[in-house]
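# Structural features, examined
Here are the chains, one letter per residue:
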Amino acid sequence: MPVKNESMEMKVSSITHDKNGKPQVFVTFTDGKRIAEGRIPGCRILTQDGFSDEEVEALNLYMKKEKATILSIAKKIDPMKDFWKR
């Protein structure tokens with residue numbers, strides 16, 4: 001589910017499970033030229049292209065501060081409903 005502000009778009013995945021069965025959510029940030037993907041829990045950027053170290057830390061902090069909101073968005077996503085829309 002995309003969420004936009006003036007210069008950055010954030011996409012949130014539905015809740016998935018890691019190899020140990022623990023819930024996780026992937027969060028992607030892009031401004032059209034640069035991209036970063038992070039994961040909750042952990043609130044850490046896993047991969048990125050084009051962001052400075054300071055910007056990556058700011059994205060990590062954002063995920064940490066907005067973790068509850070991001071999880072709330074992820075809980076509302078029904079991947080099968082989105083699949084059948086295509």
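Conventions used here
Residues numbered from 1 in each chain as written. Predicted model: local features only at pLDDT ≥ 70, side-chain atom pairs only at ≥ 80, totals over all residues. Heavy atoms only, no water. Buried < 20%, exposed > 50% of the residue type's maximum accessible area, 1.4 Å probe, protein only. Helix = DSSP H or I, 4+ residues; strand = E, 2+ residues; numbered from the N terminus. Pairing = 2+ DSSP bridges. Core = buried A, V, L, I, M, F, W, Y, C linked by side-chain atoms within 4.5 Å. Contact = heavy atoms within 4.5 Å. Phe/Tyr/Trp six-rings, centres within 6.5 Å; stacked < 30°, edge-to-face > 60°.

Turning next to the pairing of strand S4 (residues 23-30). Counting buried residues in S4 gives six out of eight residues, a clear majority hidden from the surface. Pairing analysis gives four bridges linking strand S2 (residues 9-12) to S4, with the strands arranged antiparallel. Among the inter-strand pairings, methionine 10 is bridged to a residue of S4, identified as phenylalanine 29. Of the strand pairs in this sheet, strand S3 (residues 16-17) and S4 are connected by two bridges, and their pairing is antiparallel. Bridging from a neighbouring strand, histidine 17 pairs with proline 23 of S4. With antiparallel pairing between neighbouring strands as the criterion, S3 and S4 make up a hairpin whose turn holds five residues, including glycine 21 at a positive phi of roughly 85 degrees. As judged from the six bridges shared by S4 and strand S5 (residues 35-40), these two strands associate in the antiparallel manner. Bridged to phenylalanine 29 within S5 is alanine 36. Following S4, the chain reverses through four residues before pairing antiparallel with S5; glycine 32 in that reversal takes a positive phi of roughly 95 degrees.

Moving on, we get to the nonpolar core. In this structure, Val12, Val27, Phe29, Ile45, Met63 and Ile70 are the most contacted members of the largest nonpolar core, which totals 18 residues. Sequence-distant contacts of valine 27, defined by excluding residues within four places in its chain, comprise Met10, Lys11, Ala36, Glu37, Gly38, Ile40, Met63 and Ile70.

Turning our attention to the pairing of strand S6 (residues 44-49). Sheet topology places S5 next to S6; five bridges connect them, and they run antiparallel. The residue bridging isoleucine 35 from the neighbouring strand is aspartate 49, located in S6. Hairpin connection from S5 to S6: three residues lie between these consecutive antiparallel strands, with glycine 42 at a positive phi of about 105 degrees.

Next up on the list: the packing of aromatic side chains. The full count for this structure, using the stated rule, is one aromatic pair. With a centroid separation of 6.1 Å and an interplanar angle of 80 degrees, the aromatic rings of phenylalanine 29 and tyrosine 62 are classed as edge-to-face. Here phenylalanine 29, found in strand S4, pairs with tyrosine 62, found in helix H1 (residues 53-65); they are 33 residues apart in sequence, far enough to count as distant. Judged by relative accessible area, which is 36%, tyrosine 62 ranks as partly exposed.

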